[in-house]
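# Close look at the chain arrangement
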Amino acid sequence: MRKTFSWRGIGAIPESGLRLKEEYAHLDAEIAYGDLLPAEKKEDHTACFCGEILRGKAEPTQCALFGKGCTPQHPVGACMVSSEGACHAYYRFRQV
Ligand code: SF4
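Residues numbered from 1 in each chain as written. Predicted model: local features only at pLDDT ≥ 70, side-chain atom pairs only at ≥ 80, totals over all residues. Heavy atoms only, no water.

Scanning the protein chain for helices and strands turns up three helices and two strands. Order of helices (α) and strands (β) in the protein chain, N terminus to C terminus: β-β-α-α-α. Whereas a compact globule of 96 residues would reach a radius of gyration of roughly 12 Å, the protein chain reaches 16 Å, over 25% beyond that. Within the protein chain, buried positions represent 23% of all 96 residues. Long-range pairs, those at least 24 residues apart, make up 29% of the contacts in the protein chain with a sequence separation of at least 6. Accessible area for the protein chain stands at about 7400 Å²; split by element, carbon and sulfur atoms hold 54% of it. (Helix = DSSP H or I, 4+ residues; strand = E, 2+ residues; numbered from the N terminus. Rg over C-alpha atoms; globule rule 2.2 N^0.38 Å. Buried < 20%, exposed > 50% of the residue type's maximum accessible area, 1.4 Å probe, protein only. Contact = heavy atoms within 4.5 Å. Areas by Shrake-Rupley, 256 points an atom, 1.4 Å probe, with all protein chains shown as cover.)

Moving on, we come to the site of the ligand. Close to the ligand lie 13 residues, the nearest being Cys-48, Phe-49, Cys-63, Cys-70 and Cys-87. Considering only residue class, the shell around the ligand consists of twelve nonpolar, one polar and no charged. (Near = heavy atom within 4 Å. Nonpolar A, V, L, I, M, F, W, Y, C, P; charged D, E, K, R; others polar.)

Moving on, we get to the packing of aromatic side chains. For the structure shown, the criterion picks out two aromatic pairs. The interplanar angle of 75° and the centroid separation of 6.2 Å between the aromatic rings of Phe-66 and Tyr-91 together place this pair among those described as edge-to-face. Note that Phe-66 is positioned in the loop between helix H2 (50-54) and helix H3 (86-93) and Tyr-91 in helix H3, a separation of 25 residues in sequence. Classification of Phe-66 by relative accessible area gives buried; the value is 8%. (Phe/Tyr/Trp six-rings, centres within 6.5 Å; stacked < 30°, edge-to-face > 60°.)

What follows deals with the side chain of Thr-71. Within the fold, Thr-71 resides in the loop between H2 and H3. The exposure class assigned to Thr-71 is buried, which follows from its relative accessible area of 11%.

Take a look at the structure:
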């Protein structure tokens, strides 16, 4: 089953998000932990442009916060959080 999902840097796309079938609802974290999830999505930092990076319209080094205010130890945006994030990978392999 699909639902409307909001993608970083792209926006909401109808039927682009997956949902578990009813028979697996007991394994659905959104149902099990729904009370613990934030009601509203937290907006990105205004200087962060992970969306443009994800769409290939900018490189991490073009961000004013890259390697300064935003590092893997203190990430500002999602692209710097996990090791597969573009900013994180740039930071790690360009040895900033
Ligand atoms: S994750 Fe950090 S470095 Fe990457 S665009 Fe966002 S603020 Fe800039």
